[in-house]
Each structure stands twice: as C-alpha cells, then as structure tokens.
Amino acid sequence: MSYLLEITGLVKSFTAPDGERTTIVDVPSFVLAPEEHVAIRGASGSGKTTFLNLIAGILQPDRGRIVLDGHEVLALSESARDRLRARTLGYVFQNFNLLQGYTALENVLLGMMFGPGIDLKHAKHLLDRVGLSDRLAYKPSQLSIGQQQRVAVARALANRPKLVLADEPTGNLDQHHANDALVLIREVCRENRAALLLVSHDPSVLALFTRQEDLARLNRAAAAHAAAPAGASR
Amino acid sequence: MMGFGLMALVRRSLRQHLLSTVVTVVSVGLAAGLTMSVFAINHQTYEAFTGGSPGFDAVLGARGSQLQLVLNTVFHLETSPGNIPWSMYKQIAANPRVLVAIPYAVGDNYKGYRIVGTTPDIFTKFQYRAGRYFGVEAGGRFFETSDAHEAVLGNYVASKLGVRVGDTITPYHGLQYSESQKHNDQFKVVGILKQTNSPSDRVVWIPIEGIYRMSGHVLRGTGQVYRPEEGQDIPEESKEVSAVMLKFKSASTGFILDQQINRQGKVATLAWPIAKVMAELFDRIGWVNRILAMVAYLVVVVAAGSILASIYNTMNERRREFAILRALGARRGTVFSTIVLESTTITFLGALVGYLIYGAIFTTAYYIVRAQTGVVLDALKLDPALWLTPIAMVALGALSGLVPAFKAYRTDVASNLTPIS
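The rules behind the values
- Residues numbered from 1 in each chain as written.
- Chains lettered and ligands numbered in written order.
- Predicted model: local features only at pLDDT ≥ 70, side-chain atom pairs only at ≥ 80, totals over all residues.
- Helix = DSSP H or I, 4+ residues; strand = E, 2+ residues; numbered from the N terminus.
- Rg over C-alpha atoms; globule rule 2.2 N^0.38 Å.
- Buried ≥ 20, exposed ≤ 12 C-beta atoms within 10 Å, placed from the backbone.
- Contact = placed C-beta atoms within 7 Å.
- Domains from an automatic or database assignment.
- Nonpolar A, V, L, I, M, F, W, Y, C, P; charged D, E, K, R; others polar.
- Core = buried A, V, L, I, M, F, W, Y, C linked by C-beta atoms within 7 Å.
- Pairing = 2+ DSSP bridges.
- Axes fitted to C-alpha atoms, helices over the stretch in contact; angles between N-to-C directions.
- Arc of directions from axis to C-beta.
- Parallel < 35°, antiparallel > 145°, perpendicular 65-115°, else oblique.
- Left-handed = near helix turned anticlockwise from the far one by under 90°.

We now examine the overall build of chain B. Counting its regular elements, chain B contains 15 helices and 14 strands. Against the globule reference of 22 Å for 421 residues, chain B gives a C-alpha radius of gyration of 31 Å, more extended than a compact globule. Based on the C-alpha atoms only, the size of chain B along its principal axes is roughly 115 × 50 × 35 Å. The proportion of buried residues among the 421 residues of chain B is 46%. Contacts in chain B between residues at least 24 apart in sequence constitute 77% of all its contacts with a sequence separation of at least 6.

It is common to give the size of an interface as the accessible area that goes away when the parts come together. Residues and elements named next belong to chain B. Domain boundaries assigned for chain B yield domain 1 (6-49 + 285-415) and domain 2 (58-272). For domain 1 and domain 2, the distance between their C-alpha centroids amounts to 50 Å. On the domain 2 side, the residues contacting the 4 residues of domain 1 number 10 residues. Here the residues of the side of domain 1 that touches domain 2 are counted per class, giving 2 nonpolar, 2 polar and no charged.

Further remarks concern the nonpolar core. Of all hydrophobic cores here, the largest spans 187 residues; its most connected members are A:Val108, B:Val59, B:Leu60, B:Ala151 and B:Leu246. For this core, the element with the highest residue contribution is helix H2 (residues 18-50) of chain B, accounting for 12 residues. Those residues within four positions of B:Val59 in sequence are excluded, and the remaining contacts are B:Leu69, B:Val70, B:Thr73, B:Val74, B:Ala243, B:Met245, B:Leu246, B:Ala271 and B:Ile274.

This paragraph deals with the sheet that holds strand E4 (residues 63-68) of chain A. Residues and elements named next belong to chain A. Judged by pairing direction, the sheet is antiparallel, and its 4 strands sit side by side in the order E2-E1-E4-E5 without closing on themselves. If you trace the sheet from one side to the other, it starts and ends with strand E2 (21-32) and strand E5 (71-72), each paired once. Inspection of the sheet shows strand E1 (residues 5-15) paired to E2 by 10 bridges, in the antiparallel sense. Within E2, the residue paired with Glu 6 across the bridge is Val 31. Packing against the sheet, helix H1 (residues 48-56) makes contact with E1, E2 and E4, and its axis sits at approximately 60 degrees to E2.

A separate point is helix H9 (residues 274-284) of chain B. Taken residue by residue, H9(B) has B:Ile274, B:Val277 and B:Met278 as its buried positions. Looking straight down H9(B), one finds its buried side chains confined to an arc of 95 degrees; they lie on one side.

This part takes up the environment of B:Gln195. All names here are of chain B. Structurally, the position occupied by Gln 195 is in the loop between strand E10 (187-192) and strand E11 (204-207). Its 16 C-beta neighbours within 10 Å are what place Gln 195 among the partly exposed residues. Gln 195 sits 137 residues away from Arg 332 along the chain, and the two C-alpha atoms are 62 Å apart. Not counting residues within four places of it along the chain, the set of residues in contact with Gln 195 comprises Asn 155 and Asp 201.

Residue and element names in this part refer to chain A. Close contact between helix H3 (residues 104-113) and helix H5 (residues 145-156) brings their axes to 8 Å; oriented N to C, the two are set at 30 degrees. One way to sum up the angle between H3 and H5 is to call them roughly parallel. For H3 against H5, the interelement crossing comes out right-handed. Note on element contacts: H5 touches H3 through Val 151, Ala 154 and Arg 155, opposite Ala 104, Asn 107, Val 108 and Gly 111. In terms of residue class, the contact of H3 with H5 is made up of 4 nonpolar, 2 polar and 1 charged.

Contacts between the two partners involve 33 residues from chain A and, on the opposite side, 21 residues from chain B. Sorting the residues of the side of chain A that touches chain B by element identifies H1, helix H2 (78-88) and H3 of chain A as the ones contributing at least two each. Among the elements that take part in the side of chain A that touches chain B, H2(A) stands out by supplying 6 residues, more than any other. Split into classes, the residues belonging to the side of chain A that touches chain B amount to 15 nonpolar, 12 polar and 6 charged.

Residues and elements named next belong to chain A. Direction of pairing for E1 relative to E4: antiparallel, over a ladder of 5 bridges. In the strand pairing of E4, Leu 5 is matched with Leu 68. Between the end of E1 and the start of E2, which pair antiparallel, lie 5 residues, with Gly 19 showing a positive phi angle near 90 degrees.

Here we come to the environment of A:Val27. All names here are of chain A. Relative to the helices and strands, Val 27 is located in strand E2. For the pair Val 27 and Arg 65, spaced 38 residues apart in sequence, the C-alpha separation works out to 10 Å. Residues within four places of Val 27 in sequence aside, it is in contact with Ile 7, Leu 10, Phe 51, Leu 218 and Asn 219.

Structure (structure tokens):
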C-alpha cells in the first residue's frame, strides 16, 4: 500500500537553557494513508506540536526519515520543502495564527499566495463552506474565536492540500463549538479529499475518529518523560 | 483583491505602521528634494550665468576686474569699475573685425533698478537670446536719440513698479536707491519691453545723452570736468562711457583684441570671453556648492538610516507574521524580498515627495534669482540630478532594507508559532 506519509526513526531533541540535551520526539514509525483521518492523543508537553512541525518541515529533525506524498522531505532543500509545504500541507494551528492586519478573505488568499496561486473564487467558496460568507472583510479581531478557527480551517484547505495537520484545533472552543468545529474540519477535509492528522488531548474529540494513536506510545521520548519524575516543557 | 502578492504585504505593512511610514517617506522626500535642488539649481544657475549673453562676445571697460565688468554690464549687478573715453568706443566700433559695438553709461537707478544710457542699437542689433531681439509691448516704442528724456523699461521693472507708457520717471543717483539722491530730471516712458527672461528685464534704458545731461552729472573725457549745458552739443572728447558691449565678426577677433587691450594696453580691460569670466566666478565660489552637496549627501545618509531604523524597529512585532508566512509556505527569500521591497517602496514614495519638495525649492529659487538678477531658471529643463537622485535614493533604500531583511530572513518559524506543546 502506498502511504501519503511515512515516518521512520524520527528524532528531535533540544538543548535546554541549562545546557542539557532533551529528546522531545522519538517516533520509530508512523504511517498515514491518503484521505485517512487520524487522531493522536497527546497530553500537554508530550511533543505533539513538535511532531507536527517536523512533518510540516518547519523543524528539522536530528535524524529520521519523512516521506510525504512520495517526497523524501529531509533530502529536499529548504526552499523545496517550503514549496512542498505550500502545495501539499494545510496547517490548523492551536492559536489559529491568523494575520491580524488582514481580513478573513485575505488570510485565506495568503495561504494561496505561496502555493499554486491565488484563486479568489475558491477562497470565497471555502469561507462560504465554513459559514463565513458574510464575514469576508472582517479582520480576526472582529471575529469570534469560533469564527477565527473557521478562517484557519479555510486557509488550511486553500491550496487543496493532501494532508491537513490540526494542532488542538478545538482547544480554544467550548464543548458545543468544539464538536461543531471538528465535524466541519472532517467534512471539509473529506470534501477536499485531504487526509487529516489531528492532535488533541480532548477525549470527546478523539472519540470521533476511527483510528486513534496515543503519542505516549508512538513517541518513545514522551513515554520516557512520562516515566521520569519531572519533565521539560516542550 | 486582484494582484494579491508581495506588494499587498508591503502595502499592508506600510499602512499598519502609518506614522513611521509617513515620517520616513517625508524624510526621504526631503533628502531627495534637497539633493535634486542643490544639483539642479546649481547646474542651471551655472548655465544661466556662464551661458553668457549670445548678443555679446566681450565687454570693453575701464582697467580693472573683468568679472566686475561683466557683472556690471551683462547682469546689471555690481558697480562699474570706471569709465573709458568716448574715443575708445568710436575706435573699437570702427574696427572692421567688430560687428556690433554698443556703449553703456551707468551709475543711476530708478527705485533700485539700474538705468543704462545707450544707443538705439541695443534694440536693433543686440540679441538677448540667439535670434531674439528686444520688442516693445503694444502701444509703446523704442526711445529716439532726438529726445534725451525718453525711457524704455524692462518688463520686470514696469510690472514691479506699475509703470506704464506715458508715465514719467525720475532717476536717482547711484546704483542703490536712496530718496535723497533724486535727480531733477524727468524721463517719459515711451515703451515697455516684452519679457525676455533675461537680466535686461530689470533695466531702465534711456539714451546715453540722457545720462550725460542728467542734473549733477559731469563728464571727464578730457581729464577736465565738463558740465553739459542745455541746448549745447557735448564735445565728443568730453564724453565717457562705462563700457562698450561688443560682438565680433569672428572668434579670432577676441584673441587679437585680448592681446592688444589686456596684454599690451594699460588703460582698458576687455572681458572676453564672457562665459569664461563667469565660469571663473563659479570656480571661485565652488566651495559653497561643495558644502551644499555635502549637506545634501549627509541628509541622504540620515534618510537611509531612518529607513533602516523604522523597518528594523518593526521587526520584533513582525516576527510572528513572518513565521506564519513561512509556515504557509513562504520561502526565506520571499520574506527577505518583502522587506527589501518595503524599503524600496518607502524610498520610491519618498522620491515622489522629493519632486514636490524640489518643485517648492525650485520655485522659490526661481523667484529669488529672477528678482535679484533677472536670470530665469528653466523649470522644464531635465537636469540629470532629477532622475539620478531618485534612482540613487531607491537603490540606497533597497540597501537600507538589507539589514532588517536579513533579520526577517533568519526568523525561526517554530519558536515564533506559539505555543509549543
């Protein structure tokens, strides 16, 4: 079977201010099929954001192998990784990371700017799909948290990515809105034939996914830290 | 929303930091405007003063400074170095190598504007610009030698003093206007010259006989004092002139007369060629221009520094923005280019403002130079400084953007995409 994402022996460590080297991610193996939706359970400090950033090419691992859509990510130059990220990945950040000076529509267009190109019609369609057709000209500060999150979802799907990474996408929402948001993310991903890799610590979110992974099991570093008396923040 | 690209990012950033943008654009504009003004006005002034008067090749006057002679007769500035006998005028006018010889007698003013006593040849033989002769406004005429008390006013004098044809004017002795120095004579204004945009616009022209016969004037052509009497011809040997304006038939005449008058003679000075004499003046005061240029360069450097500082100061608050853009797939080079484009845009806008400032400075200089000298600067002349300065400023602006651009280039994506868990 050909996978959309294959990870082998992925290790990432950081040097703490006191000079101690701490391994945050140590994932021997992980695979994701095209259009598959996977939820990863991870407690705070378990290295889930680092794991997603490594997949996105935002962070460079110490060693390991990441194959994304047939591309050996670590063998690519930085600009090629940037290009691959722009064309293949969508990223819904926990804090949404919307650009404050830009409207909802412009934030989605910014997502397109570095990908295949600006597609105004598609950008409007996505915002319409997430229920924000009447908020195109609103800036993030003029939108509710839930609306901001929907802009972030629309932006993540702007370039018709094959994989959407979602980092605690419902972390800032109440239970009711969290469920709605999650249903929306999954629906939109499905409509766009995008795989979804979501990390969360919320059991109600995880319960919606057929395939669930526990980062404590997946990430040997997290398991080691869980066993240790005190752990570094990551 | 069309054309959403790097420029949109730049536009948004400039708008978000509007105050800083405006201050920087204005400071760049001041630098560009000042630099363009210093060089363009300097070039134009140099050309206006050294381009000389095509109607004349040389000036013959009393022994002394050639520069003083030229300033006094061509530009109607400065005092006259003295007089030469009428015979000298007649002698040089009779020289077959001389095409035009027009005598000037100066030393009086009308409310601060020079009065020049001369012959009607000034109207018919003198070209104030190549192929252009004096003309009179409708209703007027040139003066006639039969009446020594007629006057023709330069256009600027007439408009400034509100004098019209038919009015009478009373001269004042000396070149500086002083009410106490009023002569008793009255001159009837018979014509107003059409505007020439030359120093001649600031002159009151009267027959040379009018100068001789003006109350209180004495002539010393023979070395003895002669007081002209009413109704009595003035003996030619008593007459004097302040200068003789000369046009030669060929350039070689200047060499010959220069030898005869300046090197072998001892009584007169031939200021020739006029452009060279004026160029020497500019060489002498060249240090002023060099200081002005240095000031302009310093202002440019300060402006470049302000671009660097204004963009650099926004870098901290924009690190997250760059990190988000990078996470969306923007390359380091794209982020770098955005900052360089931003600094370039600031200088481009500054250069546009610079043209406005240049226009204001040039207009002020135009009126001052015209009022003081009669020389008119050409507002439409495209001086190289007018395109070189903006290009250099934009290039410098791009350079100024390199430091903050490099900082943006090095933005660490992951650490600026908070929070990490």
